[in-house]
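Residue-level listing of the chains:
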Amino acid sequence: MKKGKLSVLESLIIMIVMFGMLGTMMIALGMTPQIPILLAFTLLLFYGRFRGFTWNQLQDGIVEGVKPGIVPMIIFIMIGVLVSAWSMSGVIPTIMVYGLEILNVRFFLFTVFVSCCLVGVIVGSSFTTISTLGIVFMGIGHVMGINTALTAGSIVSGALFGNNMSPLSGTTNLATGIAGVDNVFDHIKTIAHTAIPSATITAIIFLIAGHTTANPNMSSVHHIINALNANFFVSPWMLIPIAVLIICAIMQVPAIPTLLSGSITAIIMHIFINHPKLSTISNQIMNGFQLNSPDKKINSIVSGGVTSMLSSISLILVALTLGGVLIKMGVVENLVGKMKQSVNTPGKLILTSVLSAIGVNFLVGEQYISIILPGTTFKENFDKQNIKPVYLSRILASGGADINALVPWGVTGIFISGVLGVSPLVFIPCAFYVWMNPLLTVTFGFVFGKNYNKDKVAEPKLNRQVSEQLN
């Protein structure tokens, strides 16, 4: 047994033991994710030291693992600020009032899905879509008595479809760059072949699910509308912060200044309309906006605050720490590298690439690494089989970025859980689009893989040119 170098079998055993331990503790025993992941990290750390890795090497792995999560963690904090600012100013209550007045319960899930799809395409960020529209729709669904899992699933499905189809999306552009695709719109056209059928099936499911939902107690809905009107400044003017957010997103302003712009706009409007003390605003931004009205249902709808995000941030830290040590010890590289040796057809290559991206998601929990690592690993195989790079970028988007939402300790999964206030095990089964898109990607790879060759389009044109020259 060579010191400081793990075998493929050893890496596989580590993965099986780790997943078995995490699954038992989180699912069977119902433990909060931080403790099982921290325990797995502790055992892995000491095993790495036993196998000859120095403390400095392992510490470097921790630092490298956490680096990709620094910006997402700042975004989490900014979202906590945004939710508080939009709650105290009346932005969220305004949208809820308008939504409750116009939405039909039987078309609610379908409307949520389509709305999140459209906004996701416009803003190019699933995080922004979920943290704005998602929070509002969760509140409306709660009042209407819609199943929480279905509401969250429709939000997540729509947001990730929009993220896939937007030229402004960070993960879309990263997948395009890693795969070597020259034009992001070529990638979007290709992923549309699986994304649109997946979205269509998903929309039908939510349409059927909505029609089987029981009618809400409309007197309760009207009571909530009256209570929101009584406790907040409900006005079309309160839609201005949303317009600011969308404009910033369209102008491709990065996520952090975009969220800050939406928050600052709402706070300024709150100061002019409600004249609160600055100390009150500061406290509400930090600890969340708490409405002390006689109606407990209203009190639970609006919240936010930096502290509400701290649990999610701690989970990201321990998950990325674990992933960083796994990468430093070579576990991820061993398993992904071994997978690329058995790919001799387009179908097998696409299946293996998707599985590797999924595996990296579950091992590391970071969506960008799940794009970068499989992309750089399998790009050579795609070139050898003469497959167009757009099919690799499609895999990296559907099997890498999307799947991160289905990982309870993944950055996206943690984000969704923290923002929407639901356990990952609640929304994951109902995120139908996220399940469907990678499945269709693999299926199409086996069925149409022979047509993915780079020369399929070029050959007829070349033959015509030769024929014209001979004639």
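Notes on the structure in this doc start here. (Residues numbered from 1 in each chain as written. Predicted model: local features only at pLDDT ≥ 70, side-chain atom pairs only at ≥ 80, totals over all residues. Heavy atoms only, no water.)

## Structural notes on the overall build of the chain
Then step 1. Counting its regular elements, the chain contains 24 helices and zero strands.
Then step 2. Taking 23 Å as the expected radius of gyration for a compact globule of 471 residues, we find that the chain reaches 24 Å, a close match to that expectation.
Then step 3. In terms of overall dimensions, the chain has a C-alpha envelope of 75 × 70 × 40 Å along the principal axes.
Then step 4. For the chain, the proportion of its 471 residues judged to be buried stands at 55%.
Then step 5. Considering only contacts within the chain whose residues lie at least 6 apart along the sequence, 78% involve residues at least 24 apart.
Then step 6. Here the chain displays about 20100 Å² of accessible surface, and carbon together with sulfur accounts for 66% of that area. (Helix = DSSP H or I, 4+ residues; strand = E, 2+ residues; numbered from the N terminus. Rg over C-alpha atoms; globule rule 2.2 N^0.38 Å. Buried < 20%, exposed > 50% of the residue type's maximum accessible area, 1.4 Å probe, protein only. Contact = heavy atoms within 4.5 Å. Areas by Shrake-Rupley, 256 points an atom, 1.4 Å probe, with all protein chains shown as cover.)

## Some words on the packing of aromatic side chains
Then step 1. Applying the stated criterion to the full structure yields 12 aromatic pairs.
Then step 2. For the ring pair Phe46 and Trp55, a centre distance of 5.8 Å and an interplane angle of 85° mean the geometry is edge-to-face.
Then step 3. Take Trp55: its relative accessible area is 42%, and that puts it in the partly exposed class.
Then step 4. Plain terms: the ring middles of Phe232 and Phe289 are 5.9 Å apart, the flat faces sit at 55° to each other, and that makes the pair tilted. Linking Phe232 in the loop between α11 (218–231) and α12 (240–250) with Phe289 in the loop between α14 (278–287) and α15 (296–301), this pair joins segments that are 57 residues apart in sequence.
Then step 5. Residue class for Phe232 comes out buried when judged on its relative accessible area of 8%. (Phe/Tyr/Trp six-rings, centres within 6.5 Å; stacked < 30°, edge-to-face > 60°.)

## Some details on the packing of helix α10 (residues 184–211) against helix α23 (residues 432–448)
Each packed pair of helices is defined by two parameters, the angle between the axes and the distance between the axes.
Then step 1. Where α10 contacts α23, the two axes come as close as 9 Å, and the packing angle between them is 140°. Here α10 lies oblique to α23, going by the angle between them. Once α10 is placed against α23, the crossing between them reads as right-handed. Touching Ile191, His193, Thr194, Ala195, Pro197, Ser198, Ala199, Ile201, Thr202, Ile205 and Phe206 of α10 are Phe432, Tyr433, Met436, Asn437, Leu440, Thr441 and Phe444, all from α23.
Then step 2. Among the residues forming the contact of α10 with α23, the class breakdown is 12 nonpolar, six polar and no charged. (Axes fitted to C-alpha atoms, helices over the stretch in contact; angles between N-to-C directions. Parallel < 35°, antiparallel > 145°, perpendicular 65-115°, else oblique. Left-handed = near helix turned anticlockwise from the far one by under 90°. Nonpolar A, V, L, I, M, F, W, Y, C, P; charged D, E, K, R; others polar.)

## Observations concerning the environment of Phe415
Then step 1. Relative to the helices and strands, Phe415 resides in helix α21 (residues 411–420).
Then step 2. What makes Phe415 buried here is its relative accessible area of 0%.
Then step 3. Distance from Phe415 to Val83, taken between C-alpha atoms, is 14 Å for residues 332 residues apart in sequence.
Then step 4. Excluding anything up to four places from it in sequence, Phe415 contacts Phe76, Ile79, Phe127, Ile130 and Ser131.

## Thoughts on helix α1 (residues 8–28)
Then step 1. The end-to-end C-alpha distance of α1 is 29 Å, a good match for the 30 Å that 21 residues give at a rise of 1.5 Å each.
Then step 2. Residues of α1 that are buried include every one of Glu10, Ser11, Ile14, Met18, Met21, Leu22, Met25 and Met26, and no others. Looking down the long axis of α1, one finds its buried residues gathered within 105° of arc, a one-sided arrangement. Of the residues in α1, the exposed ones pointing more than 90 degrees away from the buried face are Leu9, Ile16, Ile27 and Ala28.
Then step 3. Its buried side turned inward, α1 meets α2 (34–50), α16 (307–328), α17 (331–339) and α18 (346–364).
Then step 4. Directly after α1, the chain includes Gly30, whose backbone phi takes a positive value near 70°. (Expected span 1.5 Å × (residues − 1). Arc of directions from axis to C-beta.)

## Examining a nonpolar patch on the surface
Then step 1. A cluster of nonpolar side chains, namely Leu260, Ile264, Ile268, Ile271, Phe272 and Leu278, defines an oily patch on the protein surface of about 590 Å² accessible area.
Then step 2. With five residues, the single largest contributor to the nonpolar patch is helix α13 (residues 255–274).
Then step 3. The topology assignment puts Ile271 in helix α13.
Then step 4. Here Ile271 falls in the partly exposed class, since its relative accessible area comes to 31%. (Patch = residues over 30% accessible without salt bridge, like charges linked within 9 Å, V, L, I, M, F, W, Y side chains within 5 Å. Salt bridge = Lys/Arg side-chain N within 4 Å of Asp/Glu carboxyl O.)

## Here's the deal with unusual backbone geometry
Then step 1. If you check the backbone angles, His275 has positive phi at about 55° while not being a glycine.
Then step 2. Within the secondary structure layout, His275 lies in the loop between α13 and α14.
Then step 3. Given the relative accessible area of 62%, His275 is considered exposed.
Then step 4. Even without glycine at this site, Asn386 takes up a positive phi of about 60°.
Then step 5. Mapped onto the secondary structure, Asn386 falls in the loop between α19 (367–384) and α20 (389–401).

## With respect to the packing of helix α8 (residues 148–165) against α10
Then step 1. Axis separation between α8 and α10 bottoms out at 10 Å; the angle between their running directions is 160°. Relative to α10, the element α8 is oriented roughly antiparallel. Of the two elements, α8 crosses α10, and the hand of that crossing is left-handed. Of the residues in α10, those touching α8 at Leu150, Gly153, Ser154, Ser157, Phe161, Asn164 and Met165 are Ile188, Ile191, Ala192, Ala195, Ile196, Ala199, Thr202, Phe206 and Ala209.
Then step 2. Taken together, the residues that form the contact of α8 with α10 break down as 11 nonpolar, five polar and no charged.

No statement about biological role is implied by the geometric values presented.
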